[in-house]
Amino acid sequence: NDIVAFRHVSKIFNNGTVALDDFDLGIKEGEFITFLGPSGCGKSTALRMAAGLGEASSGEVTVFDNPPIETIRDTNDIAFVFQEPNLLPWRRVLDNVVLPLELRGTAKKEAKEEAKRVLEMVGLKDYIQSYPRELSGGMKMRVSIARALAAKPKLLLMDEPFAALDEMTRQSLQLELLQIWEQEKSTILFVTHNVFEAVFLSSRIAIMSAGPGRLSSIIDVDLPYP
Ligand code: ADP
Ligand code: ADP
């Protein structure tokens, strides 16, 4: 049974741009699948649809067998990291990370401890009481990643989450992500244009190629691990 299913999905934007053309892919529980391809091939469009952002022009996207927007409304099992950090400006860094844990029913004390642990891991130990506006762009991204990882979601959607980070932070977060994937048996959809990142992280790679603003093929590569 597919956790996320793209069934013959096409997406044509109002200006006529064809971002996806008959995109057809099923994602099983526990997969770490990467959408790999050059800029403009439709990776973000596909991921955003799984996050309930944007309707298919034709075809269907489901998450846990329902329209994404319904699954997101009814469960707290999905977390996102987009290229923009989307933090709540009126909440301190710590409280931004605590929020999804509390929504999942974690006790306050435990939620705070876990949030602190993950924020320390992303190098923000000294900023937990800061407000997002006091942080740089890269630091805000780290908060956004910490928030997603701390929640240990069943499904994690990530769009180039490490693109803006320095090498050290990138590597430690990649390892943490792999650890969470193994421990929590999460399903992860990951978007990147970086071949090395895709090969290092994923259990399966869906290669998307750019035509004239159009998806022309998907190739699934089964890697020898896990
Ligand atoms: P990728 O994530 O692979 O870089 P995108 O999914 O962002 O690709 O974009 C796929 C194509 O759709 C590109 O040609 C892009 O310019 C176009 N596109 C994306 N969003 C919109 C939009 N809101 N309106 C019009 N065109 C868009
Ligand atoms: P990505 O870097 O993931 O390809 P972008 O940063 O290009 O995405 O897009 C950021 C936002 O702008 C998205 O909401 C996307 O839908 C929108 N967008 C992207 N390309 C276009 C476009 N050609 N016309 C209008 N909106 C676009």
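Each remark here, short or long, concerns the structure printed above.
Attention in this report is confined to the structure presented alongside it. (Residues numbered from 1 in each chain as written. Chains lettered and ligands numbered in written order. Predicted model: local features only at pLDDT ≥ 70, side-chain atom pairs only at ≥ 80, totals over all residues. Heavy atoms only, no water.)

Turning to the site of ligand 2, a few remarks are in order. Taken together, Ser44, Arg48, Gln83 and Asp159 are the residues near ligand 2. At 2.5 Å from an oxygen atom of ligand 2 is found a side-chain nitrogen or oxygen belonging to Ser44. Note that an oxygen atom of ligand 2 is positioned 3.0 Å from one of the side-chain N or O atoms of Gln83. Residues of the shell around ligand 2, tallied by class, amount to no nonpolar, two polar and two charged. (Near = heavy atom within 4 Å. Polar contact = N/O pair within 3.5 Å; in protein donor to acceptor, adjacent residues only side chain to side chain. Nonpolar A, V, L, I, M, F, W, Y, C, P; charged D, E, K, R; others polar.)

With that settled, the discussion passes to helix α6 (residues 167–184). An α-helical turn contains 3.6 residues, so a residue and the one three or four places further along point in the same direction. For α6, spanning 18 residues, the distance from its first C-alpha to its last is 25 Å, which sits close to the expected 26 Å at 1.5 Å a residue. Restricting attention to buried positions, one finds in α6 the residues Thr169, Arg170, Leu173, Gln174, Glu176, Leu177, Leu178, Ile180 and Trp181. Elements in contact with the buried residues of α6: β3 (32–36), α4 (108–121), α5 (137–150), β6 (155–159), β7 (187–192) and α7 (195–201). Capping of α6 at its N-terminal end is provided by Asp166; its side-chain oxygen lies 3.3 Å from the backbone amide nitrogen of Met168. One or two steps after α6, the chain reaches Lys185, where phi turns positive at roughly 55°. (Helix = DSSP H or I, 4+ residues; strand = E, 2+ residues; numbered from the N terminus. Expected span 1.5 Å × (residues − 1). Buried < 20%, exposed > 50% of the residue type's maximum accessible area, 1.4 Å probe, protein only. Contact = heavy atoms within 4.5 Å.)

Below, the discussion takes up the site of ligand 1. Taken together, Phe13, Asn15, Thr17, Ala19, Pro38, Ser39, Gly40, Cys41, Gly42, Lys43, Ser44 and Thr45 make up the full set of residues adjacent to ligand 1. A distance of 2.5 Å separates an oxygen atom of ligand 1 from a polar side-chain atom of Thr45. When the free accessible area of ligand 1 is taken as 560 Å², the share hidden by the protein chains comes to 62%. It is helix α1 (residues 43–50) that provides the largest number of residues to the shell around ligand 1, a total of three residues. A breakdown of the residues in the shell around ligand 1 according to their chemical character gives four nonpolar, seven polar and one charged. (Areas by Shrake-Rupley, 256 points an atom, 1.4 Å probe, with all protein chains shown as cover.)

Taken together, Val195, Phe196 and Val199 make up a surface patch of nonpolar side chains, about 320 Å² in accessible area. Residue placement: Val199 occurs in helix α7. For Val199, a relative accessible area of 41% gives the class partly exposed. (Patch = residues over 30% accessible without salt bridge, like charges linked within 9 Å, V, L, I, M, F, W, Y side chains within 5 Å. Salt bridge = Lys/Arg side-chain N within 4 Å of Asp/Glu carboxyl O.)

So, on to unusual backbone geometry. Here Asp65, not a glycine, exhibits a phi torsion of approximately 70°, which is positive. The topology assignment puts Asp65 in the loop between β4 (58–63) and α2 (68–74). For Lys152, which is not glycine, the phi dihedral falls at a positive 40°. You can see Lys152 is positioned in the loop between α5 and β6.

Before going further, it helps to examine the sheet that holds strand β2 (residues 18–28). With antiparallel pairing, the three strands of this open sheet are ordered in space as β2-β1-β4. If you trace the sheet from one side to the other, it starts and ends with β2 and β4, each paired once. When the angles between neighbouring strand axes are averaged without regard to direction, this sheet yields 15°. Sheet topology note: the strand β1 (residues 2–12)/β2 ladder contains seven bridges and is antiparallel. If you follow Val4 over to β2, its bridge partner there is Ile27. α1 rests against β1, β2 and β4 of the sheet, and its axis sits at about 125° to β1. (Pairing = 2+ DSSP bridges. Axes fitted to C-alpha atoms, helices over the stretch in contact; angles between N-to-C directions.)

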